[in-house]
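What follows is the residue order along each chain.
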Amino acid sequence: MSNYLIEIKPTANKSIVKFEADRFLVNHQSYEFKNIDEASKSPLAQKLFHLPFVKTVYLAQNFVAIEKFDIVDWEDVQEELRIQLEELLNSGVQILKEPATKPQKAPTTVYAESTPNPRVMKFIANKKLVIQSIEFKNIDEASKSPLAKALFHFPFVKEVFLDQNYVSISKYDVAEWNDITSELREFIRSYIEEGKEILEEEAGAATRKDVSANQINSSTPSTAHLDETSKEIVSILDEYVKPAVASDGGNIMFESYDKKTKTVKVILQGACSGCPSSTLTLKNGIENMLKEMLQDKVETVEAING
């Protein structure tokens, strides 16, 4: 199993810093511990209270947030604390003790939302489902996602895309959305509410690696190997384009940049893949944006359906 990776995330409260993990730490509940006694159900939190500046520990799905006393500044201790958290998690410390009784179902709501792609419907939950986006083209690819695999048992489900708090489903033409939306919405709602596994842990860890387009795809692949122009393109896509396409149930990933032809290739996923309006979006939106922001470095943007 791959090691946990922790990133430091400042918050609006200067006394609190989030330490965000690359996978889920606890279930859909959140926990707050004011002292070491209250943290008796969390061995991880108890160890953190051995640090004299720790005032409050918050555990949520994929992060640990810590409120400090004023005796230290975050700039002086946050990196050391990040490393210590990684070491604790990778040593196998128990994050949360198993409850003596079976936890009650957490109330879950799911609503359906249409997308610009008439073949894709977006099902949005009131809970975070995955850390990073991941797409499945068929049931074989979904072997590491019990939710996606279950959805492929519906004969009209063609592709499944998971991101943050929603599921985008692409259907075959054999069925109309009016006839199947309610069934899918209720299935997804019940599945989440019962606490069933969305994505196996090793599959979530795999999204941190560079893989081929027909395998598990990460929304944030490593940029260490890229040239400076490619890094700029990735940064622009992440800041200006991804939030917009995510709202439509899709995702866009940088594939390559050809310095000679000044051509950028991107991968479209979810609702963006095969969408009739995606070409227009590329030409009038993304291509023009990259041309303007990178001046003479980009001439053309080409799309590859994920």
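Bear in mind that the values here come from a model prediction, so they are computed numbers and not experimental data.

(A) Up close: the pattern of salt bridges. Across all of its chains, the model carries 16 salt bridges by this definition. Of the charged contacts, one joins E86 and R82 as a salt bridge, the two residues approaching to 2.9 Å between their closest N and O atoms. Placement of the pair is E86 and R82 together in helix α2 (residues 74-90), with a separation of 4 residues, close to one helical turn. Residue R82 is classed as buried on the basis of its relative accessible area of 17%. K291 is the salt-bridge partner of E287, the closest N and O atoms lying 3.7 Å from each other. Residue E287 and its partner K291 are located together in helix α7 (residues 278-294), separated by 4 residues, close to a single helical turn. Accessibility expressed as a relative area gives 8% for E287, which makes it buried. For K291, a relative accessible area of 29% gives the class partly exposed. Salt bridges sharing partners connect three or more residues here, namely E79, R82 and E86.

(B) Structural view of the environment of K149. With respect to the helices, strands and loops of the structure, K149 is situated in helix α3 (residues 146-151). Taking relative accessible area as the criterion, K149 reaches 38% and is therefore assigned partly exposed. Here the alpha-carbon distance between K149 and I198, two residues 49 residues apart in the chain, equals 9.7 Å. Ignoring any residue separated from it by four or fewer positions in sequence, one finds K149 in contact with I139 and A142.

(C) Quick peek at a negative patch on the surface. Taken together, the side chains of D70, D73, E75 and D76 present a region of like negative charge at the surface. With respect to the element layout, D76 can be found in helix α2. Classification of D76 as exposed rests on a relative accessible area of 59%.

(D) Seen up close, the pairing of strand β10 (residues 166-171). Counting buried positions over the 6 residues of β10 gives 6, a clear majority of the element. A two-sided burial pattern is seen for β10, the buried positions comprising Y166, S168 and S170 on one face and V167, I169 and K171 on the other. Here strand β7 (residues 120-125) pairs with β10 via 5 bridges, running antiparallel. If you follow V120 over to β10, its bridge partner there is S170. Here 6 bridges tie strand β9 (residues 157-163) to β10, and the two strands are oriented antiparallel to one another. For E159, the partnering residue across the bridge sits in β10 and is S170. Connecting the antiparallel pair β9 and β10 is a turn made up of 2 residues, with Q164 showing a positive phi of about 50 degrees.

(E) Quick look at the sheet that holds strand β6 (residues 110-114). Spatially, β6-β7-β10-β9-β8 is the arrangement adopted by the 5 strands of the open sheet, whose pairing is antiparallel. Edge positions in the sheet fall to β6 and β8 (134-136), since each has one partner strand and no second. The average angle at which neighbouring strand axes cross in this sheet is 20 degrees, direction not considered. Examined bridge by bridge, β6 and β7 share 5 bridges and lie antiparallel to one another.

(F) Up close: empty space enclosed by the protein. Per the counting criterion, the structure on display carries 1 cavity of 30 Å³ or more. Lining the largest cavity are 10 residues, and of these E159, F161, S168, S170 and G270 lie nearest its centre. Elements represented by at least two residues in the lining of the largest cavity include exactly β9 and β10. Residues belonging to the lining of the largest cavity are distributed by class as follows: 5 nonpolar, 3 polar and 2 charged.

Conventions we followed
- Residues numbered from 1 in each chain as written.
- Predicted model: local features only at pLDDT ≥ 70, side-chain atom pairs only at ≥ 80, totals over all residues.
- Heavy atoms only, no water.
- Salt bridge = Lys/Arg side-chain N within 4 Å of Asp/Glu carboxyl O.
- Helix = DSSP H or I, 4+ residues; strand = E, 2+ residues; numbered from the N terminus.
- Buried < 20%, exposed > 50% of the residue type's maximum accessible area, 1.4 Å probe, protein only.
- Contact = heavy atoms within 4.5 Å.
- Patch = residues over 30% accessible without salt bridge, like charges linked within 9 Å, V, L, I, M, F, W, Y side chains within 5 Å.
- Areas by Shrake-Rupley, 256 points an atom, 1.4 Å probe, with all protein chains shown as cover.
- Lys, Arg positive; Asp, Glu negative; His and termini not counted.
- Charge placed at Lys NZ, Arg CZ, Asp CG, Glu CD.
- Pairing = 2+ DSSP bridges.
- Axes fitted to C-alpha atoms, helices over the stretch in contact; angles between N-to-C directions.
- 1 Å grid on protein atoms, 1.4 Å probe; cavity = no way out; pocket = protein on both sides within 12 Å on 5 of 7 lines; lining within 4 Å.
- Points joined across faces, edges and corners; volume = space filled by probe spheres on them.
- Nonpolar A, V, L, I, M, F, W, Y, C, P; charged D, E, K, R; others polar.

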